[in-house]
Amino acid sequence: MTDWIADEKKYVFQNYGRQPVVLDHGQGTRVWDTDGKEYLDFVGGLAVNVLGHAHPVVAEALAAQSRQLIHTSNLYYTKPMIALAKLLVENSCLDRVFFCNSGAEAIEAAIKLARRFGHDTRNGAFEIIATLDGFHGRTMGAVAATGTARYREPFQPLAPGFSHVPWNDLDAIKAATTSKTVAVLLEPIQGEGGVNMPEPGYLKGIRDWCDEQGLLLILDEIQTGIGRTGTLFAYEQEGIEPDIMCLAKGLAGGVAIGAMLARDDIAKHLVPGDHGTTFGANPLSTATGVATLSYVLENKLPEQAARASERLVARLRSMEDRLPVVTEVRGRGLLIAVGLAQDVAADVVAAARERGLLANNVRPNAIRFMPPLTVSDDEIDRACDILEAAIVAVTSPAK
Ligand SMILES: *Cc1c(COP(=O)(O)O)cnc(C)c1O
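Residues numbered from 1 in each chain as written. Predicted model: local features only at pLDDT ≥ 70, side-chain atom pairs only at ≥ 80, totals over all residues. Heavy atoms only, no water.

> Could you give an account of the site of the ligand, with specific residues and numbers?
Residues in close proximity to the ligand include S102, G103, A104, F135, H136, G137, E187, D220, I222, Q223 and K249, which together make up its full environment. Interatomic distance of 3.2 Å between a backbone N/O atom of F135 and a nitrogen atom of the ligand. Alone, the ligand offers 390 Å² of accessible surface; in the complex the protein occludes 82% of this. Taken together, the residues of the shell around the ligand break down into 3 nonpolar, 5 polar and 3 charged. (Near = heavy atom within 4 Å. Polar contact = N/O pair within 3.5 Å; in protein donor to acceptor, adjacent residues only side chain to side chain. Areas by Shrake-Rupley, 256 points an atom, 1.4 Å probe, with all protein chains shown as cover. Nonpolar A, V, L, I, M, F, W, Y, C, P; charged D, E, K, R; others polar.)

> Before we move on, could you go through the sheet that holds strand β14 (residues 360-363) and cite the residues and values that matter?
Taken in spatial order, the 4 strands of this open sheet run β11-β12-β15-β14, and their pairing is antiparallel. Of all the strands in the sheet, the pair left with one neighbour each is β11 (326-332) and β14. For this sheet the average axis-to-axis angle between neighbouring strands, irrespective of direction, equals 30°. As judged from the 2 bridges shared by β14 and strand β15 (residues 366-369), these two strands associate in the antiparallel manner. Bridging from a neighbouring strand, N360 pairs with R368 of β15. Against the sheet, helix α13 (residues 345-354) engages β12 (335-340), β14 and β15, with an angle of about 170° to β14. (Pairing = 2+ DSSP bridges. Helix = DSSP H or I, 4+ residues; strand = E, 2+ residues; numbered from the N terminus. Axes fitted to C-alpha atoms, helices over the stretch in contact; angles between N-to-C directions. Contact = heavy atoms within 4.5 Å.)

> Which residues make up the layout of surface pockets, and what values go with them?
By volume, the second largest pocket amounts to about 790 Å³. Residue assignment for the lining of the second largest pocket shows that the elements contributing at least two residues are α4 (79-90), β4 (96-100), β10 (258-262) and α10 (264-267). When residues in the lining of the second largest pocket are grouped by element, the largest group, 5 residues, is from α4. In the lining of the second largest pocket, the residues fall into 17 nonpolar, 5 polar and 6 charged. (1 Å grid on protein atoms, 1.4 Å probe; cavity = no way out; pocket = protein on both sides within 12 Å on 5 of 7 lines; lining within 4 Å. Points joined across faces, edges and corners; volume = space filled by probe spheres on them.)

Take a look at the structure:
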């Protein structure tokens, strides 16, 4: 019998710290490993699987489109990409869509668009202000925008023109603004940084500052988008509208896709030859995107996520009383983190996995949940029971 983990250690780059599980198949919120052990999947492919695993709408869209056209190149029009662009525009504050294949690529596109805009309209302004602990992906431009030293330093020199300011500090953005600044780039809620919430009024303050200074506000909704926070996009709950928005993760129900959206007066600055990608806007991913997004909208899954969130948060908060190590429950919708008083998140995640729950140790002292938007009350209850047992097992003095 194949020892898959041994083969992975032999043949695959060792750049990920994988959990010792070989996943085989899934259904909704559940996945099974190659030994037949069942797990509740509260990682959701890192906020990707908005409809869970093997959803018939996603599976059917993939199968049907694969029999029609998988790839054509952007030398031609195809129906699915136009339909997905229309759906995104009709359900957001923005006017035009550029499709790519990942979140980092959507960020790269936004950086290029902002620089092109600065080149054309703002005397060559090119600087982008981003936040410390912000995360925007792993390509060189996205790493330059990412505000975590560990992801940046080994890869110097990075693209110039980025500065990083503390999260939730509007004055720092004001102080960092120069005549060369063209944009502010941030996540509405910092995801990889530990599910860090914006203080009330922070994003509105940035929007007002950008308006005052003529700067572009680029929102990275790669993790927060597609209903994750209880509205289709997180900006809707902040009383603001971005000028440019990046999407990826949940947009096509698990198939690789990225998208940059922008207002028409900004989008027009990208002209033929400026930017492109071979696989971007391919019929397979965009048809799956149409099916996923239509299902999310028609079934009001953002609202359902908000309701599920209330139950999840209430259950987790009740642990704060019983378990002193649980210090905080933060997040919005189905992007939730449990803060711990000790750096035991990795051990808790391992103990939860043994008990049949997949969760993510996003920080040494924080556990992140990003279940499908379709997660049931019963699944939430069971996940919380398992988490509690795992925390007790890891932190009880008897250990
Ligand atoms: C995941 C993520 C990215 C990067 O997306 P990839 O598809 O991994 O390139 C960028 N920004 C945010 C906020 C993310 O959560």
